[in-house]
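The residues making up each chain are set out below.
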Amino acid sequence: MVNKYREYFEIDEDYFPQINDYSIAAAKPDFWMTTYPHETFINMLNQVERILARQEKRSLWIEGAYGTGKSQCAYTLKKILEVPEEELRIYWNKYEPLKRKPDLLEKLIGHKQKGIVTVHRYASGSITSPRDLFFAIQESIKSVLEKKGLYTGENTLKESVIAWIDDPLHKRFLNELLQKPEWKALFSQSTADEVLNALCKGGEVKQLMNNLFRLADKEGITAMNIDADRLLAWITDVIDQNNVKIVFIWDEFSDYFKNNRESLSEFQKLVELVNLKPFYFIVVTHESGQLFTTADSTWTKVRDRFIPVQIALPDNIAFDLIGHAFKIKQAAQNNWEILADDLNSRVNSSRAAVMKATKITDPQVMKNIMPLHPMAALLLKNIASAFKSNQRSMFDFIKTSNTDDMKAFQWFIENTGPLDDHPLLTVDMLWDFFYEKGKENLTPDIRLILDTFPQQKNLTEKEQAVLKAILIMQAIDQRLGGMIDLFKATEQNLSYVFEGIPDLEGTACVNTAKRLVEKGILVSNPISGGRHVFAAAVLAGDQAKIDSYKKDIRNNSTTSKLVAEGGLSTVLSLSPALRLRFESEPNTGKIIPVTATDFTRTINNLCTKETKWNFHAVIAFAKDDIEAASFRKTIKAAVADKRYENIVFIDALSTPLGIEAFEQYVDYSAMAMYYNGNNNSASRENSDKARHVLDQDWKNRIYNGQFIVYTYANQEGEKLGNGQGV
């Protein structure tokens, strides 16, 4: 007799929690066909059709929060535009939402028949200048054109560099330059022929090209350069000669904007090409509102060149995706239908409540998620909000294999069957994946609530299950600001959570919660409607104290304090020779840090100090983007002042701490203060985490981010890709 869920169905092998270069390479060629066409995805396709038809001469900006599946939507768009018509029709006919859009299908096929070249790139963290961007775009497009046997244009940048070096006079000149100590230290190649060989043999040449760019800038070689006008002329040429449209999709493009805030005008030229030619530069980012300040006029102009497309994951869509991931084995189809009906009939009340809350009208959607309890499914969709980033999501919970030592969904179906006493995956069973294995990535306020559980001793199995469920509900309810009433741990909602579980349904779970109140583990607080909500007793009244700590920390955390606490004066690893020249204190490797508030005072003091064998240098930091933009103007004014000609200004303002990271620091610091004296180990742990936000996370981001070095002799500054470049 079949007795485990694994024997009825399995998880879709191509159900990827995340899309990136690695997962794409590892997947089956047709894995994109598993993308479920939810409402926001179909809206994206409609917008793509409009721009391809030139009804709007703009590109698309695809954005969404972590875990919404925007990367998979973007990659599926690429496949829709490039696969043969027959394959697209197979995909279209797999899904009811698409079957209802036959006109859209025919329009897209019409555009494809006229010729579309699609390009897809992932991640932009290494693109630290417009020139990097132009080179990456040109090489990516050229690669696709070559694979299709199409015209690749005259003289791409790499080809131009190769042609220039291959000239005997230029080769001799480059050989001489490579003997200079500066270039000998930078290049791994020692002759022009070695440079040529490296460029011609293919493979990754970005670092070599960057080195050539630096040499060309310094030595005045204009042939080794590319700007927006040159790239646009090349793109126009390949579009005209091949008679095609180019759709360039760049996923995870957020870092480009963070690294290149000061050079958006060049990017603006690129995206404005769509006015004249069918070149659609589609970017995929997290929420764009977090990338720039609203007062940035250039940013506003750039944003206006795009149609915003929000990929969202409303609760009703999330339930569709969950059900879609559960593949019933063909041989077990009939038996499963009977069992699923039985399981579904056990959760009538909770199912109705969840359908009402999520605006789901089709009962089949709820049946399709069995054996996942409706309340667990709703919490699962929202539980990612409790984490600092995309460390946990409902996709991860479903996909994580049973061999990963995680009690997630696949562990459940391996160890549970429909005839068991606890046949449904209930809210309490989310605990191991999201707390035991994920606690290090929880936000501090959520961690505070869930940490109540391990402090309890000698609880029965029923008490453990009920306490876990209540704590999860309390945590997510707090995180969502009380937005979803079903997450309040009232008697009614608790009975929904355990509906269908014989030992705990009805009043059994409520009575268990009341016993936990009697034991002092929980409290029962009155809320609206004459109801009471169960909550962790240890937290009663403490949130106000924590909020007060947070307010004080925000008010007192100046940029100077954060820089000092993060030890940012040593962010650059100085060699012994450079230490002698530039360090501010002997044998420390420190460079004098400056912030907007102490900058003028610091450089005024330095300009009066005599320099002998050493040089004065300062390195500038900022807390947020607004402070960085204002501070950079102040630095540029100082650089042009002859009084400060003996000072080297190192601008690290392209990597401010940022609002999100600062709030993490505030949260951890407040929790350290809260625990101080009553749980010193927890206090130390949170204090360490607060410090790590600064001296590890921020410090590493700064080192790997863009720097600009200004001197009186070079007032425009030299941009460098990372700390090693400095």
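See the structure printed just above.
The rules behind the values
Residues numbered from 1 in each chain as written. Predicted model: local features only at pLDDT ≥ 70, side-chain atom pairs only at ≥ 80, totals over all residues. Heavy atoms only, no water. Helix = DSSP H or I, 4+ residues; strand = E, 2+ residues; numbered from the N terminus. Rg over C-alpha atoms; globule rule 2.2 N^0.38 Å. Buried < 20%, exposed > 50% of the residue type's maximum accessible area, 1.4 Å probe, protein only. Contact = heavy atoms within 4.5 Å. Areas by Shrake-Rupley, 256 points an atom, 1.4 Å probe, with all protein chains shown as cover. Lys, Arg positive; Asp, Glu negative; His and termini not counted. Charge placed at Lys NZ, Arg CZ, Asp CG, Glu CD. Axes fitted to C-alpha atoms, helices over the stretch in contact; angles between N-to-C directions. Parallel < 35°, antiparallel > 145°, perpendicular 65-115°, else oblique. Nonpolar A, V, L, I, M, F, W, Y, C, P; charged D, E, K, R; others polar. Pairing = 2+ DSSP bridges. Core = buried A, V, L, I, M, F, W, Y, C linked by side-chain atoms within 4.5 Å.

### Here's the deal with the overall build of the protein chain
Thought 1: For the protein chain, the count of helices and strands is 35 helices and 14 strands.
Thought 2: Against the globule reference of 27 Å for 726 residues, the protein chain gives a C-alpha radius of gyration of 30 Å, in line with a compact fold.
Thought 3: Dimensions of the protein chain along its principal axes, counting C-alpha atoms only, are 85 × 70 × 40 Å.
Thought 4: When the 726 residues of the protein chain are sorted by exposure, 53% land in the buried category.
Thought 5: Intrachain contacts of the protein chain at a sequence separation of at least 6 include 73% that bridge at least 24 residues.
Thought 6: A total of about 32,100 Å² of accessible surface is found on the protein chain, and carbon and sulfur atoms cover 48% of it.
Thought 7: Averaging the positions of the 88 positive and the 95 negative side-chain charges in the protein chain gives two centres separated by 2 Å.

### Digging into the packing of helix α26 (residues 461-479) against helix α28 (residues 507-518)
Thought 1: α28 packs onto α26 with a crossing angle of 85° between their chain directions and a minimal axis gap of 9 Å. Here α26 lies roughly perpendicular to α28, going by the angle between them. Mapping the contact onto sequence places Lys462, Glu463, Val466, Leu467 and Ile470 in α26 and Cys509, Thr512, Ala513, Arg515 and Leu516 in α28.
Thought 2: Taken together, the residues of the contact of α26 with α28 break down into 6 nonpolar, 1 polar and 3 charged.

### Considering the sheet that holds strand β14 (residues 718-720)
Consider a sheet: its strands pair through backbone hydrogen bonds, and that pairing is either parallel or antiparallel.
Thought 1: Taken together, 5 strands build an open sheet; the order of strands is β10-β11-β12-β13-β14 and the sheet is mixed. Strand pairing shows two members of the sheet lacking a second neighbour, β10 (592-594) and β14, which therefore form its edges. Each adjacent strand pair in this sheet contributes to an overall mean axis angle of 25°, direction not counted.
Thought 2: Relative to strand β12 (residues 647-651), strand β11 (residues 616-620) runs parallel, the two sharing 5 bridges. Paired with Ala620 across the two strands is Asp651, which belongs to β12.
Thought 3: The sheet strands contacting helix α32 (residues 599-607) are β10, β11 and β12, and the helix crosses β12 at an angle near 155°.
Thought 4: Against the sheet, helix α33 (residues 625-639) touches β10, β11, β12 and β13 (707-710), its axis set at about 25° to β13.

### With respect to the nonpolar core
Thought 1: Membership of the largest hydrophobic core comes to 125 residues, with the highest contact counts inside it found for Met44 and Leu450.
Thought 2: The dominant element in this core, judged by the number of residues it contributes, is α26, at 10 residues.
Thought 3: Here Met44 is in contact with Leu60, Ile62, Cys73, Leu77, Val309 and Ile311, once residues within four sequence places are set aside.
Thought 4: One finds Phe135, Ala136, Phe248 and Trp299 within the second-largest nonpolar core, a separate group that totals 62 residues.

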